[in-house]
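Listed below are the residues making up each chain.
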Amino acid sequence: MGRIRILPDQVANKIAAGEVVERPASVVKELLENSLDAGATDLRVEVEAGGRRLIRIADDGGGMLRDDALLAFERHATSKLRDVKDLLSIATLGFRGEALPSIASVSRLLLETRSQEETTGTRIEIAGGRMLRCEEAALGGGTVITVRDLFYNVPARRKFLRTEQTELAHVASLVTHYSLAHPAKTFLLTSGAAELLHVTPVATLKERVYQVFGSQMLDDLVELGVRERTLRLRPATAAESAPGGPSAAPFGQEPDEPASRTFRLSGFVSRPQVQKGNRNSIFVFVNGRLIRDRLMLHALSSAYYNLIPPSSYPFALLFLECDAEEVDVNVHPSKTEVRFRHGPVVHDFVRDTIRERLIESRPAPAFTPAARPVPEGAPPGGQPAAGLPYSEFSQALANQEPAAWGASVAEEPRSAGLTGSTPQPDAAEIMESAPEFSLRPPAAPAPRLDFTAPPLEVTPGPAPSGKLRRHLDAHGEFPAEAVPPPEMSLSVLSELRPLGQIHESFIVAAGRDGLWIVDQHVAHERVLFEQVMKQRAAGRVEMQRLLMPLIVQLTSEQQIDYARIADELHASGFETEPFGQRTIAVKAAPAAIGAANVERILFEILETVEGEPPGASLDDLRRSICASIACRAAIKINTRLDAGKMEWLLRALAATDCPMSCPHGRPIAMHYSTREILKAFHRM
Ligand code: ADP
Ligand code: MG
């Protein structure tokens, strides 16, 4: 007799539960998804002891017919899928028919449901997968599922649960984010007697964000709007063709496939001053499904590359919509992973959209210094993108077509010529003297700090400066309405009057709304970085010929990395050629860097690309090369600047796309608003 046996359903369900039900929040997720699939508009979630003792979800959806209610607990019983063809275009959140039997096998479950088509409802009780009761009951329309004592019969799993608070936090986060995905629905979450979330229907995502997080949070966020990208799948017909449009993609499409596919992205992302220590504030929905997807995470961190430090993460709420055929959701039993048919297209679309919006919104720097400093000696672009190393990401990439991977971010010079037209200070000249760390008077007679003049004359509304001065003179109360609102636009940087330097490293400047402190090195770095990026995008990087070729010796690893990026190096202004075994000759280098720095920068760049897979984004590579050049060429700290140079730097900074953070994500400027100054002096 053979040794192989088919496992009884009860065992199979318990095995499935191992994958589907990890913790109370996974139960909440499955049940919420069922309610949403049932068309519910009012979803009420109740938990006790972080969901360990009780989870109850009540909805006003379509409910179940009596026969269906019984069937729902069979393995692979679903109303959402008929044949294998349907698997390619799943429009519902559920489809595997596994959740209810799995949950019922590891808890005490009570189902109460009534379909609109039946006059009485059904009550079913199951414990550890065994049916205890099934009866007719007088019930309202919709479904209530109560799950008690999760894992009561699987002690090993129960042990793995975290504290009630932690489990509750997971549940709360999940309900919150599903509520964000469905602004038109009511969500209520209670824990014991405490109401943790209660949101009523609103028309827009923005209003829902306001309901959930409040106005403070909205200030920190940039709304993406609805952005689209269309992918052509087969050659455009004469009518469809547009000059310059992408050519047909040979992706083995069926003849009856549509000519193109459209991807749509919306949501919110945080301004760069919001820096989180982990990925817990990143929520990605693909066709309404909450997922954890490496490709999307990587696209997001690429968008923030050069804007926030590599070790920090943004807040993000992203909704990607596309044809169901474009995304395979049947990748993991918990349905939290997906596979995109055209991954690189999705990746670049998401990255470009977020980056463009961040740049468009030109957010102001936070008054408070940014959370975590990056050490001065940190290698420029030392990590490819915020937090997700390529090694981790390469796995995800392995299955994707690399076709569009290298497509670059649209580097349209938004403020063309702004850095080019102003006279550049001679960096070498500025760097010549690097005196001791000390506080010195400004190198040129700086304008007096004058509170009454420019800062207040631009005050909107009825706030004549004379009145304000009188208030100040009398040491009296300062009328709150007379204080200009905190200036959010960085265009004010161009109007700043430099007052001097602190430690010959930080420029102190007065503006129409208070005081600014600008880190001169990172400010200049940002200016040069954008300048080099623009030159690079236009294919016109300024080069300088070296008097004598510089011979550089490479290790064998460096040799491989060098071969891989030689073209990009060349396009960035390094003219190099092989010169015998593991040796290269550098004949020209970017004009921005001194000849003495060439070798160091080359090694720095090679170190940056070390270990990246060949498919790594060309865009990231380009950015880190430009960041290396900018860092080396920028004026250093401990460098005395005269008033003219300080002014030039502030104007050049104001003209950049991202004046708030340096290419490595460090903050550039701190702002102390008039309001804050007044508050500090108890004048308001
Ligand atoms: P799936 O969601 O993958 O179909 P489930 O085990 O989660 O599998 O649910 C099984 C079936 O039970 C669903 O297909 C649906 O028909 C029904 N069902 C579950 N929850 C609800 C609900 N809240 N309202 C109406 N029907 C439900
Ligand atoms: Mg389901």
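The coordinates are above.
Just so you know, these numbers come straight off a predicted model, no measurement behind them.

Visitor: Hey, could you go over the overall build of the protein for me, with residue numbers and the actual values?
Guide: Each helix and strand in the protein was counted, giving 21 helices and 23 strands. Evaluated residue by residue, the protein yields a buried proportion of 50% over its 684 residues. Across the protein, contacts joining residues at least 24 apart in sequence account for 76% of those joining residues at least 6 apart. As displayed, the protein has an accessible area near 31,100 Å², and 54% of this comes from carbon and sulfur atoms.

Visitor: Can you tell me about the site of ligand 1, naming the residues and giving the values?
Guide: The full set close to ligand 1 counts 20 residues, and N34, T78, S79, K80 and G97 are the nearest of them. Within the side chain of T143, an N or O atom sits 3.3 Å from a nitrogen atom of ligand 1. Notes on ligand 1: free accessible area 530 Å², of which the protein chains cover 93%. Going through the elements one at a time, α2 (24-37) and α4 (99-105) are the ones with two or more residues in the shell around ligand 1. Ranked by residues supplied to the shell around ligand 1, first place goes to α4 with 3 residues. Here the shell around ligand 1 is composed, by residue class, of 8 nonpolar, 8 polar and 4 charged.

Visitor: Give me the lowdown on the sheet that holds strand β17 (residues 497-502), citing residues and values where you can.
Guide: Pairing is antiparallel across the open sheet formed by 4 strands, whose spatial order is β17-β18-β19-β23. Since the sheet does not close on itself, it has two edges, and those belong to β17 and β23 (669-672), each with one partner. Averaged over all adjacent pairs, the angle separating strand axes in this sheet is 20 degrees, with direction ignored. In this structure, β17 lies alongside strand β18 (residues 506-511), joined through 5 bridges in antiparallel fashion. For I502, the partnering residue across the bridge sits in β18 and is F506. Helix-sheet contacts for helix α16 (residues 520-537) involve β17, β18 and β19 (514-519), and the interaxial angle to β19 is about 75 degrees. Seen against the sheet, helix α20 (residues 643-654) touches β17, β18 and β19 and runs at an angle of roughly 110 degrees to β17.

Visitor: Explain the pattern of salt bridges to me, using residue names and the numbers behind them.
Guide: Inspection of every chain in the model, using the stated rule, returns 30 salt bridges. E125 is the partner of R133 in a salt bridge, and the nearest nitrogen-oxygen pair spans 2.6 Å. Since its relative accessible area comes to 26%, E125 is described here as partly exposed. A salt bridge links R536 to E568; its shortest N-O distance comes to 2.9 Å. Here R536, found in helix α16, pairs with E568, found in helix α17 (residues 556-571); they are 32 residues apart in sequence, far enough to count as distant. Note on accessibility: R536 and E568 belong to one class, buried. Taken together, the salt bridges that share partners define one network made up of E112, R123, E125, R133 and E135.

Visitor: Tell me what's going on with the sheet that holds strand β20 (residues 543-553), and back it up with residues and numbers.
Guide: Ordered by their spatial adjacency, 3 strands build an open sheet running β20-β22-β21, and the pairing between neighbours is antiparallel. The two strands at the open ends of the sheet, each matched to only one other strand, are β20 and β21 (575-578). Across the sheet, the axes of successive neighbouring strands diverge by a mean angle of 15 degrees, strand direction being ignored. Strands in contact with helix α18 (residues 598-609) are β20 and β22 (583-590); relative to β20, the strand with the most contacts, it is inclined by about 65 degrees.

Visitor: Talk me through the packing of α2 against helix α6 (residues 164-181); I want residue IDs and the actual numbers.
Guide: Contact geometry of α2 with α6 gives a least axis separation of 8 Å together with a crossing angle of 20 degrees. When the axes of α2 and α6 are compared, the pair comes out roughly parallel. Relative to α6, α2 is oriented so that their crossing is right-handed. Two secondary-structure elements touch here, α2 through P24, A25, V28, K29, L32, E33 and L36 and α6 through E167, H170, V171, L174, V175 and Y178. A per-class count over the contact of α2 with α6 returns 9 nonpolar, 1 polar and 3 charged.

Visitor: Lay out the packing of aromatic side chains with the relevant residues and their values.
Guide: Enumeration over the complete set of coordinates arrives at 3 aromatic pairs. Ring centres of Y178 and F285 lie 5.8 Å apart, and the angle between their planes is 80 degrees; on these two criteria the pair is classed as edge-to-face. Here Y178, found in helix α6, pairs with F285, found in strand β12 (residues 282-286); they are 107 residues apart in sequence, far enough to count as distant. Both residues of the pair, Y178 and F285, belong to the buried class.

Visitor: Give me the nonpolar core: which residues, what numbers.
Guide: Within the largest apolar cluster, 58 residues are counted, with the highest numbers of intra-cluster contacts made by V28, L32, F73, V175, F187 and L317. Here this core gets 7 residues from one element, more than from any other, and that element is α6. Residue assignment places this core across two domains, with domain 1 (9-161) and domain 2 (215-231 + 261-361) each supplying three or more. In this structure F187 touches L32, L36, L43, V175, Y178, S179, H182, L197, H198, V199 and R208, once residues within four positions along its chain are discounted. Core analysis: the next-biggest nonpolar cluster, separate from the first, contains 40 residues, I90, L265, L307 and V329 among them.

Visitor: Before we move on, can you summarise the side chain of R271 with the specific residues and values?
Guide: Within the secondary structure, R271 sits in the loop between β11 (260-270) and β12. For the buried R271, which has no salt bridge, the nearest side chain bearing the opposite charge is D220, at an N-O separation of 5.6 Å.

Visitor: Now, about the pairing of strand β14 (residues 316-321): what can you tell me, with residues and values included?
Guide: With respect to burial, β14 is a largely interior element, 5 of its 6 residues being buried. Sheet topology note: the β11/β14 ladder contains 6 bridges and is antiparallel. Following the sheet pairing, L265 is matched in β14 by L320.

Visitor: An account of helix α10 (residues 343-361) is requested, with residue identities and associated values reported.
Guide: With 19 residues, α10 extends 27 Å from end C-alpha to end C-alpha; this agrees with the ideal 27 Å at 1.5 Å per step. Of all the 19 residues making up α10, 16 are buried; the element is thus mostly covered by neighbouring parts of the structure.

Visitor: Requested: an account of the side chain of R289, with residues and values cited.
Guide: With respect to the helices and strands, the residue R289 is situated in strand β13 (residues 289-291). The buried charged residue R289 lacks any salt bridge, with E33 as its nearest oppositely charged partner at 4.6 Å. At 2.9 Å, the side chain of R289 and the backbone oxygen of T92 are in polar contact.

Parameters and conventions
- Every chain's residues receive numbers from 1 upward, in the order its sequence appears when written.
- Ligands are numbered from 1 and chains lettered from A, in the order in which they are written.
- Per-residue local features of the predicted model are confined to residues with pLDDT of at least 70, and side-chain atom pairs are confined, for both listing and counting, to 80 or more; whole-chain, interface and lining totals are unaffected and use all residues.
- Here the side-chain values reflect all heavy atoms present in the structure, with hydrogen atoms and water set aside.
- Strands are runs of DSSP state E lasting at least 2 residues, helices are runs of H or I lasting at least 4, and numbering of each runs from the N terminus.
- Throughout, exposure labels follow a simple rule: accessible area from a 1.4 Å probe, protein chains only, divided by the maximum for the residue type, with under 20% read as buried, over 50% as exposed, and the rest as partly exposed.
- Should any heavy atoms of two residues lie within 4.5 Å, those residues are considered in contact.
- Using the Shrake-Rupley algorithm and a 1.4 Å probe, accessible areas are obtained, with residue cover drawn only from the displayed protein chains.
- For each residue, the test is whether any non-hydrogen atom lies within 4 Å of the molecule or strand; if one does, the residue is near.
- Pairs of N or O atoms are called polar contacts if they sit within 3.5 Å, as long as, within protein, a hydrogen donor faces a hydrogen acceptor (for residues adjacent in sequence, only side-chain-to-side-chain pairs).
- Three categories are distinguished: nonpolar for Ala, Val, Leu, Ile, Met, Phe, Trp, Tyr, Cys and Pro, charged for Asp, Glu, Lys and Arg, and polar for the others, with Gly belonging to the last.
- Two strands pair if DSSP finds at least two bridges between them.
- Axis definition: a line fit to C-alpha positions, over the contact stretch in the case of helices; interaxial angles, taken between N-to-C directions, run 0 to 180 degrees.
- Salt-bridge detection follows one rule: a side-chain nitrogen of Lys or Arg within 4 Å of a carboxyl oxygen of Asp or Glu.
- Angles below 35 degrees are treated as roughly parallel, those above 145 as roughly antiparallel, those between 65 and 115 as roughly perpendicular, and all remaining angles as oblique.
- Take the far helix as the reference: if the near one is turned anticlockwise from it by less than a right angle, the crossing is left-handed, and if turned clockwise, right-handed.
- For Phe, Tyr and Trp, rings pair up if their centres lie within 6.5 Å, where Trp contributes its six-membered ring, and each pair is then called stacked (planes under 30 degrees apart), edge-to-face (over 60) or tilted (otherwise).
- Only buried residues count toward a nonpolar core. Its members are Ala, Val, Leu, Ile, Met, Phe, Trp, Tyr and Cys residues joined through side-chain atoms within 4.5 Å.
- For the purposes of this description, domain bounds are those given by an automatic or database domain assignment.
- Just so you know, the count uses Lys and Arg for positive and Asp and Glu for negative, and it drops His and the chain ends.
- A helix is expected to reach a length of 1.5 Å times the quantity of its residues less one.

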